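Listed below, chain by chain, are the residues.
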Amino acid sequence: MKKLIVLLVSCLITSAVYADKPLKFILSEDVSWDDNIYLTKDGEKSSAISSTQLAAKYNNNIPNSSFKMNAGVNVGYNAYTEAPAKNDYMNAGVNFGLNNEFLKFDEKFSYTADPATSELTAREKRINNRISLGYKTSSKKKISLGISVADTYDRYTEDSKNSLNRNRVDAGLKVHYNLSAKTSVYAGYGIGIINYENNGTYNKKNDSLNHSAVAGIEGDITAKVNGKAQVSYDYRKYDNVVGDLKDNASLVGYLVALTYEPSNRSSLSLSGERKMEESTYGKNRYYVSSQIGVEYKQKILTKWTASLYAAYENMGYPESVNNKNRSDDLLNIKPSIEYKFREYLFGSVWYQFKDKLSNVDTVEYVANKVGVQVKFVF
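On a predicted model such as this, the values are computed, not experimentally measured, just so you know.

Reading guide: rules and limits
Residues numbered from 1 in each chain as written. Predicted model: local features only at pLDDT ≥ 70, side-chain atom pairs only at ≥ 80, totals over all residues. Heavy atoms only, no water. Helix = DSSP H or I, 4+ residues; strand = E, 2+ residues; numbered from the N terminus. Contact = heavy atoms within 4.5 Å. Patch = residues over 30% accessible without salt bridge, like charges linked within 9 Å, V, L, I, M, F, W, Y side chains within 5 Å. Areas by Shrake-Rupley, 256 points an atom, 1.4 Å probe, with all protein chains shown as cover. Salt bridge = Lys/Arg side-chain N within 4 Å of Asp/Glu carboxyl O. Buried < 20%, exposed > 50% of the residue type's maximum accessible area, 1.4 Å probe, protein only. Core = buried A, V, L, I, M, F, W, Y, C linked by side-chain atoms within 4.5 Å. 1 Å grid on protein atoms, 1.4 Å probe; cavity = no way out; pocket = protein on both sides within 12 Å on 5 of 7 lines; lining within 4 Å. Points joined across faces, edges and corners; volume = space filled by probe spheres on them. Nonpolar A, V, L, I, M, F, W, Y, C, P; charged D, E, K, R; others polar. Pairing = 2+ DSSP bridges.

Novice: Run through the side chain of Ser139, naming residues and quoting values.
Specialist: Turning to its location among the elements, Ser139 is positioned in the loop between strand S6 (126–136) and strand S7 (143–156). Among residues more than four places away in sequence, those in contact with Ser139 are Glu101, Asn178, Ser180 and Ala181.

Novice: So, a nonpolar patch on the surface: which residues are in play, and what are the values?
Specialist: Nonpolar side chains collect at one region of the surface, where Phe102, Tyr135, Ile143, Leu145, Ile147, Leu173, Val175, Tyr177, Leu179 and Val185 lie side by side and expose about 870 Å² of accessible area between them. Elements supplying a minimum of two residues to the nonpolar patch: S7 and strand S8 (166–180). Counting residues per element, the nonpolar patch draws most heavily on S8, which supplies four residues. Within the secondary structure, Leu173 sits in strand S8. On the basis of relative accessibility, which here comes to 45%, the residue Leu173 falls in the partly exposed class.

Novice: For the nonpolar core, give the residues involved together with the corresponding values.
Specialist: Listed in full, the 10 residues of the largest apolar core are Leu39, Tyr281, Tyr287, Met315, Tyr317, Val321, Leu330, Val360, Tyr365 and Ala367. Discounting chain neighbours no more than four positions away, the residues touching Val321 are Tyr281, Gly282, Lys283 and Asn284. Grouped together as the second largest cluster of nonpolar side chains are six residues, Ala249, Leu251, Met276 and Val288 included.

Novice: Could you give an account of the layout of surface pockets, naming the residues involved and the relevant values?
Specialist: One number sums up the size of the second largest pocket: a volume of about 280 Å³. Residue lining of the second largest pocket: 22 residues in total, with Glu119, Leu120, Thr121, Arg326 and Val363 positioned closest to the centre. When its residues are assigned to classes, the lining of the second largest pocket shows nine nonpolar, four polar and nine charged.

Novice: Give a description of the environment of Ile292 that names residues and reports values.
Specialist: Positionally, Ile292 belongs in strand S14 (residues 286–300). For Ile292, a relative accessible area of 36% translates into the label partly exposed. C-alpha separation for the pair Ile292 and Val94, spaced 198 residues apart in sequence, amounts to 28 Å. Residues contacting Ile292, with those up to four places away along its chain left out, are Leu270, Ser271, Gly272, Ala310, Ala311 and Tyr312.

Novice: So, the pairing of strand S17 (residues 345–358): which residues are in play, and what are the values?
Specialist: The sheet contact formed by strand S16 (residues 327–340) and S17 spans 11 bridges and is antiparallel. If you follow Ile337 over to S17, its bridge partner there is Val349. As judged from the 12 bridges shared by S17 and strand S18 (residues 365–377), these two strands associate in the antiparallel manner. Considered in S18, the bridge of Leu345 is made with Phe376.

Novice: Account for the pattern of salt bridges, with residues named and values stated.
Specialist: In this structure the tally under the stated criterion is 14 salt bridges. A salt bridge links Glu364 to Lys41; the nearest nitrogen and oxygen atoms lie 3.7 Å apart. Taken together, the positions of Glu364 in the loop between S17 and S18 and Lys41 in the loop between strand S1 (23–34) and strand S2 (47–61) put the pair 323 residues apart, joining distant regions of the chain. Note on Glu364: relative accessible area 17%, which makes it buried. You can call Lys41 partly exposed: its relative accessible area is 35%. Lys237 is paired through a salt bridge with Asp247; the nearest N and O atoms lie 3.1 Å apart. Here Lys237, found in strand S11 (residues 225–238), pairs with Asp247, found in the loop between S11 and strand S12 (248–263); they are 10 residues apart in sequence, far enough to count as distant. Given a relative accessible area of 34%, Lys237 falls into the partly exposed group.

Okay, structure coming up:
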């Protein structure tokens, strides 16, 4: 019944919208087969999955002002043939952005059951909400200053993962040396406070104060490469001493988000990040996630677009469990090809392969997923 309601509402809304307006609607149906829906090593369960999604997007300049507004909302229903009472779930999201040359505001809310990190494999219903505000002085001068604040809220709606319910507040200051109006190198300092909810077992033991020093480059790095590359040093001090656990942690990290566009028919994107992720494994308060990913897109003739995404992630745990420091390696590969039937109608076929190796063999898994998607843009 829920799936039928989503489809009916989707059809009613999309039939009333015109493609030449700043408001666009996207209706998609994705049908796939997953041979390991619980991401387990033994006793794998397979399922057919139907995912119906409706999204509305609005992008436009605000009249008589320098601001541009972007907003979006999406809702969907995901149906499984395997144990539908357990696995079926709805997802939803809302985003709102407002920006000009100096100011940038973003609000993003999501409700989903997808795992939040690579450590987690079970689908758990959760809420994530992030609000951020940034201000930067004019980039037309050689030196400019930037300040930012952000609030991130994570909450699981069921008790099984409430040990990860938390709120994080960040604030930062950057000094930019502008190589041009669209390119700058920068250095900065940030501070962050993580507060966990008092849920009994964990008793707020993971509350912490975080310091971060960063340096990097952003903008149009060359004529055909744009994005951001950054290195960082993070120091974390925990509020509470728990047993023999250290009350501090430090990490040299990185953040990469670069896109190379040799022509309007192809692009190559490089993404990666090394950071501390919150953990529930044994005594570990966090684990170190080191990720790198590459995506290549190529238009073929006039109606075909092929893409290939490949990513690798290492997860290292500082605290030993059963005299072993856990280390995981995750490989993720996803090729796809899309065909443009009309200006408003697209179809695609995709395949995804995931392989997690670990020195703790019970968390290892191999998963294959293949699907087809039909998408309407109105």
